[in-house]
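What the coordinates show
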Amino acid sequence: MTAKPSFNQPLVTHLYTADPSAHVFEGKLYVYPSHDLDHERTSNDNGDQYDMEDYHVLSMDAPDAPCVDHGEALHVSGVPWASQQMWAPDAAFKDGKYYLFFPARDKDGVFRIGAAVGERPEGPFRAEPSWIDGTFSIDPAAFVDDDGRAYLFFGGLWGGQLEKWQGGSFDPSAEGPAGNEPALGPRAAELADDMLSLRSAPVELSIVDADGRPIAAGDEERRYFEGPWMHKHQGRYYLSYSTGTTHKIVYATSDNPLGPFVYQGTILEPVVGWTTHHSIVEWDGKWYLFYHDSSLSGGADNKRCVKFTELHHEEDGSIRTIRPYE
Ligand code: FUB
């Protein structure tokens, strides 16, 4: 099925899609979204309403060319360790193979991050027998640096269970830090050469303000919630993420892919629907923001649609704030 996209309009309308991770592979733009299902589920802070089962890969030959749905690339039934909730995925290419990274609950209900391997950017992808050892929580984002080193960023609060891992193992009763304490940061680890394991244990990324003070857990306009993304522009590393409860996509920068990151500002103002989730990609010399909102379903939080628009870095490296409905 195809559709002809335009800025700030749904990329496809025959499926509900969310959490778009965009990459240029083989000269085309590929989008790896979540696939929201058209069903009703209990809606709560645990995210039970986001009960997804599979992934479809989308592609476009050009920004104004039809968007192609390549069909199902991986289903939860093909993931030996997973039970449910195939949330926001990402993909990477290295040494002739494509890798799909995805979170799902294991058989005990604990979110883990898995990997699946394919020969083509659109899949199909074959899941590994177990999750990536050392991973937990949700929202993997893979970043391959210019020197070939690959990193996996991940983590999300509330339903994403990041609070439960503060002690290094899963504690179902653990709560987040107090409002005046440093917020929890996303986790990151370098991927090993096989792209299926971590080179070392994940570290917590630090996000600080312009004076070097950690962003506090109660600073909901700026603190990390979920949906990390990494891009590099003119030698600077940009970590962008969702603020969750305040519904913004914001960013912080560093000279190092593992930080510390200095908070900079807002990339995307709140969209229709509770969640906001994005990716940033350079394509033929221009930069694009891929994001989602719930406009296609008339505002149902768990029935979202992927959109895109152009993104601008200013001369000083800052990112121009996007107001998608103006
Ligand atoms: O799509 C399910 C979850 O909603 C994602 O993992 C989060 O980033 C939020 O978009």
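It should be noted that the structure appears before, not after, this text.
A brief look at the structure comes next. Source: prediction; values computed, not measured.

**So, the sheet that holds strand 17 (residues 236-242)**
Spatially, 5 strands are ordered 15-19-18-17-16 in an open sheet, and the strand pairing comes out mixed. Only two strands of the sheet have a single partner each, and these edge strands are strand 15 (207-208) and strand 16 (226-233). Two elements, strand 17 and strand 18 (residues 249-254), share 6 bridges in a ladder whose sense is antiparallel. Residue Ser-242 lies in a different strand from strand 18, and its bridge partner there is Ile-249.

**Quick notes on the pattern of salt bridges**
Within the structure shown, the criterion is met by 24 salt bridges. For the salt bridge of Asp-19 with Arg-304, the shortest nitrogen-to-oxygen distance reads 3.9 Å. Of the two residues, Asp-19 is situated in strand 2 (residues 16-25) and Arg-304 in the loop between strand 21 (286-293) and strand 22 (305-311); the sequence distance between them amounts to 285 residues. In this structure, Asp-19 and Arg-304 share a single accessibility class: buried. Among the salt bridges present, the one from Asp-51 reaches Arg-41, with a minimum N-O distance of 2.9 Å. Here the residue Asp-51 occupies a position in the loop between strand 3 (28-36) and strand 4 (54-60), and Arg-41 occupies one in the loop between strand 3 and strand 4, the gap between them amounting to 10 residues. For Arg-41, a relative accessible area of 39% puts it in the partly exposed group.

**Focus: the sheet that holds strand 12 (residues 150-154)**
Read from one edge of the open sheet, 4 strands run 11-12-13-14, paired in antiparallel fashion. Looking along the sheet, the strands with just one partner apiece sit at the ends: strand 11 (141-144) and strand 14 (203-204). Bridge count for strand 12 against strand 13 (residues 187-190) is 4 bridges, and the pairing is antiparallel. Opposite Phe-153, over in strand 13, you have Ala-188 as the bridge partner.

**Considering the pairing of strand 12**
Counting buried positions along strand 12 gives 5 out of 5 residues, so the element sits mostly inside the fold. Side-chain alternation along strand 12 places Ala-150, Leu-152 and Phe-154 on one buried face and Tyr-151 and Phe-153 on a second face that is also buried. Sheet topology places strand 11 next to strand 12; 4 bridges connect them, and they run antiparallel. Of the residues in strand 12, the one forming a bridge with Ala-142 is Leu-152. Here strand 11 folds back onto strand 12 in antiparallel fashion, the turn holding 5 residues, of which Gly-148 has a positive phi close to 90 degrees.

Quick notes on the rules
- Residues numbered from 1 in each chain as written.
- Predicted model: local features only at pLDDT ≥ 70, side-chain atom pairs only at ≥ 80, totals over all residues.
- Heavy atoms only, no water.
- Pairing = 2+ DSSP bridges.
- Helix = DSSP H or I, 4+ residues; strand = E, 2+ residues; numbered from the N terminus.
- Salt bridge = Lys/Arg side-chain N within 4 Å of Asp/Glu carboxyl O.
- Buried < 20%, exposed > 50% of the residue type's maximum accessible area, 1.4 Å probe, protein only.

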